[in-house]
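# Tertiary structure, described
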Amino acid sequence: MADTTGHTTDAQATDPPLRKASWRHIGPGIVVAATGVGAGDLVATLIAGSNFGYTLLWAAIVGCLVKISLAEAAGRWHLSTGRTLFDGWASLGAWTSWFFGVYAVVWGFVYGAAAMSSSALPLQALFPDVMDLKWWGVACGLVGLVFVWFNKYAVFEKVMTVLVGVMFLVTVYLAIRVTPHLGDAVAGLAPVLPDEKDSVLNTLGLIGGVGGTITLAAYGYWVNAKGWTDTGWMKVMRLDNRVAYATTGIFVVAMLFVGAELLHSANVAIASGDKGLVQLGDILEEEYGSATATFFLIGFFATSFTSLIGVWHGVSLMFADFVARLRAGRTRTTGEEVASGERERSWPFRAYLLWLTFPPIVLLFQGQPFRLVIIYGVLGAAFMPFLALTLIWLLNSARTPRHWRNGPLSNAMLAVAGLLFLVLCVKQIWDQPWSEFF
């Protein structure tokens, strides 16, 4: 994808020279792709394939393009201003701090349990006689905690890259194994809606569900943690971001192929949510044997566990910045902090790690409180329009150096994203069982 700012002017002489975009620098994009594609994303795409065949292939690709624009905008803010995204949000008013603070506390509590449970499911399927699902979940959470607590970004990135390699091999192998009809797949690139009720909302849901939510905001923090702290890294960041969503596109298209060929043609339905992947493992075993099913479950674990440790690391970085900004009461630059790894050693970073791990363990054993789940759903739905619209605000204002502000293409893509996620947010809020809440 081209430069989404839409500008053709060169950087000013005061900016560092632009480094050549090189594949050897790729890293944060792999991390955001691995974190953003969780088991739930794969199930949603799998179900879309099982319900509609290849009809919504175009929607999965559009979803990747939308997320490219969001992540590029977040990375561009960090590199062009030398300020973090939370610094930018705080400059818009105290309401952003209230929103993020409540979001981080409630979302982290519920997500922690969901991530541990998702990582536990394939392990229990692989080793059914070792321990109960809940204890597998506890083990995954504790391993994620220890790994992120004692390792810095460089090690974290290497491990994520290995796990992405596993995800890539598994999803591509499955897509080839089911022998896709390429003619039908090409026809699926035409923007056609399924002929059914609520097809528009279902299509928008698939577009919005491709490749991450809060992890898009964390991308700028990973860019800084990599050591990219000024505009000299802009070309590198853009290549890195494109690689991230090309990788994401391969994952979701491959799973749509599996849904279209393995489930749609046989009229087989699977459950929504992570348990749908366990069902898929059983179907794969019946069709192709236990080796293929085992290979798939290993990929399922890699998908779930990368989302777990990615959130443990990335959102903890954001929370540490949130606390630092509140304590300082002023705008902070990022270069020295990132170079010294200060955030990864800070008490807010580690406090949020503990929050993501230990309180959610209670939910694993007692079930998720009904009212909390509703609040979680509403806040989660509201975050993406919040991100898209605040990025438009920040990147069209004097807060951003003129030659790095949004151009027409970036504004158009962010506006589309904002409108898309606003519609999905309203639907999510409307669908909540509010009568049972009070």
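Quantities reported herein were computed from a predicted structural model and do not represent experimental measurements.

Scanning the entire structure with this criterion turns up 26 aromatic pairs. Ring centres 5.5 Å apart and planes at 35° place the aromatic pair Phe109 and Trp355 in the tilted group. You can see Phe109 sitting in helix 5 (residues 94-126) and its partner Trp355 sitting in helix 16 (residues 347-366), a full 246 residues away along the chain. Classification of Trp355 by relative accessible area gives partly exposed; the value is 29%.

On to the side chain of Ser50, then. Within the fold, Ser50 resides in helix 2 (residues 39-52). Ignoring sequence-local partners within four residues, the contact set of Ser50 consists of Gly259, Ala260, Leu263, His264 and Val268.

Now for helix 16. Taking 1.5 Å of rise per residue, the 20 residues of helix 16 would be expected to cover 28 Å, and the 29 Å separating its terminal C-alpha atoms lies within 8% of that figure. Most pronounced at Pro360, the bend in helix 16 amounts to some 30°. Buried within helix 16 we find Pro348, Phe349, Tyr352, Leu353, Leu356, Thr357, Pro360, Ile361, Leu363 and Leu364. Looking at the buried positions of helix 16, the neighbouring elements they touch are helix 5, helix 6 (133-150), helix 13 (290-328) and helix 15 (342-345).

Here the focus is helix 1 (residues 28-36). Most of helix 1 sits out of view: nine of its nine residues are buried. All buried positions along helix 1 are accounted for by Pro28, Gly29, Ile30, Val31, Val32, Ala33, Ala34, Thr35 and Gly36. Where helix 1 is buried, its residues touch helix 2, helix 7 (153-177), helix 10 (214-225), helix 11 (234-264) and helix 13.

On to the nonpolar core. Within the largest apolar cluster, 142 residues are counted, with the highest numbers of intra-cluster contacts made by Leu70, Trp89, Trp312 and Phe383. Ranked by residue count, the leading element in this core is helix 11, at 18 residues. Filtering out sequence-adjacent residues up to four positions away, Leu70 remains in contact with Leu216, Met384, Ala388, Leu391, Leu414, Ala417 and Phe421.

Time to look at the packing of helix 1 against helix 7. Interhelical geometry of helix 1 versus helix 7 gives an angle of 60° and a closest axis separation of 9 Å. Classified by the angle between their axes, helix 1 and helix 7 sit oblique to one another. Crossing of helix 1 over helix 7 shows left-handed handedness. Residue-level inspection shows Pro28, Ile30, Val31, Ala34 and Thr35 of helix 1 in contact with helix 7, the latter providing Tyr153, Phe156, Glu157, Met160, Thr161 and Val164. Within the contact of helix 1 with helix 7, the residues separate by chemical class into eight nonpolar, two polar and one charged.

Quick look at a nonpolar patch on the surface now. Nonpolar side chains collect at one region of the surface, where Phe127, Val130, Met131, Trp135 and Phe365 lie side by side and expose about 490 Å² of accessible area between them. Along the chain, Phe365 falls in helix 16. With relative accessibility at 37%, the residue Phe365 sits in the partly exposed group.

The subject of this paragraph is unusual backbone geometry. The backbone phi angle of Thr179 is positive, close to 55°, even though this residue is not glycine. Within the secondary structure, Thr179 is located in the loop between helix 7 and helix 8 (182-187). Taking the relative accessible area as the measure of exposure, Thr179 reaches 54% and is therefore exposed.

Let us now look at the pattern of salt bridges. The full count for this structure, using the stated rule, is seven salt bridges. The residue Asp230 makes a salt bridge to Arg19 at a minimum N-O spacing of 3.9 Å. Placement of the pair is Asp230 in the loop between helix 10 and helix 11 and Arg19 in the segment before helix 1, with a sequence separation of 211 residues. For Arg19, a relative accessible area of 34% puts it in the partly exposed group. When the shortest N-O distance is used, the salt bridge between Asp431 and Lys427 registers 2.8 Å. Placement of both Asp431 and Lys427 in helix 18 (residues 408-431) is noted, with a separation of four residues, approximately one turn of the helix.

Here we take up the environment of Leu363. Tracing the backbone through its elements, the reader meets Leu363 in helix 16. Among the residues examined, Leu363 registers a relative accessible area of 7% and is labelled buried.

Right, let's talk about the environment of Leu353 for a bit. Within the fold, Leu353 resides in helix 16. Discounting residues that sit within four places of it in the chain, Leu353 has contacts with Leu145, Val148, Trp149, Trp312 and Ser316.

Of note, Arg325 is situated in helix 13. A distance of 3.4 Å separates the side chain of Arg325 from the side chain of Asp87, its partner in a polar contact.

On average, residues of the protein chain score 87 in pLDDT, and 92% of them are at 70 or above. When pLDDT is averaged over each helix and strand of the protein chain, the minimum, 42, is found for helix 14 (residues 335-340) and the maximum, 96, for helix 6. Contacts for the low-pLDDT stretch residues 6-13, under 50 throughout, to residues beyond four places or in other chains number 12 contacts. Across residues 333-340, where pLDDT falls below 50, the model places 14 contacts with residues more than four positions away in sequence or in other chains.

Scoring rules and cut-offs
Residues numbered from 1 in each chain as written. Predicted model: local features only at pLDDT ≥ 70, side-chain atom pairs only at ≥ 80, totals over all residues. Heavy atoms only, no water. Phe/Tyr/Trp six-rings, centres within 6.5 Å; stacked < 30°, edge-to-face > 60°. Helix = DSSP H or I, 4+ residues; strand = E, 2+ residues; numbered from the N terminus. Buried < 20%, exposed > 50% of the residue type's maximum accessible area, 1.4 Å probe, protein only. Contact = heavy atoms within 4.5 Å. Expected span 1.5 Å × (residues − 1). Bend = angle between axes of the 7 residues up to and from the residue. Core = buried A, V, L, I, M, F, W, Y, C linked by side-chain atoms within 4.5 Å. Axes fitted to C-alpha atoms, helices over the stretch in contact; angles between N-to-C directions. Parallel < 35°, antiparallel > 145°, perpendicular 65-115°, else oblique. Left-handed = near helix turned anticlockwise from the far one by under 90°. Nonpolar A, V, L, I, M, F, W, Y, C, P; charged D, E, K, R; others polar. Patch = residues over 30% accessible without salt bridge, like charges linked within 9 Å, V, L, I, M, F, W, Y side chains within 5 Å. Areas by Shrake-Rupley, 256 points an atom, 1.4 Å probe, with all protein chains shown as cover. Salt bridge = Lys/Arg side-chain N within 4 Å of Asp/Glu carboxyl O. Polar contact = N/O pair within 3.5 Å; in protein donor to acceptor, adjacent residues only side chain to side chain. pLDDT = per-residue confidence, 0-100.

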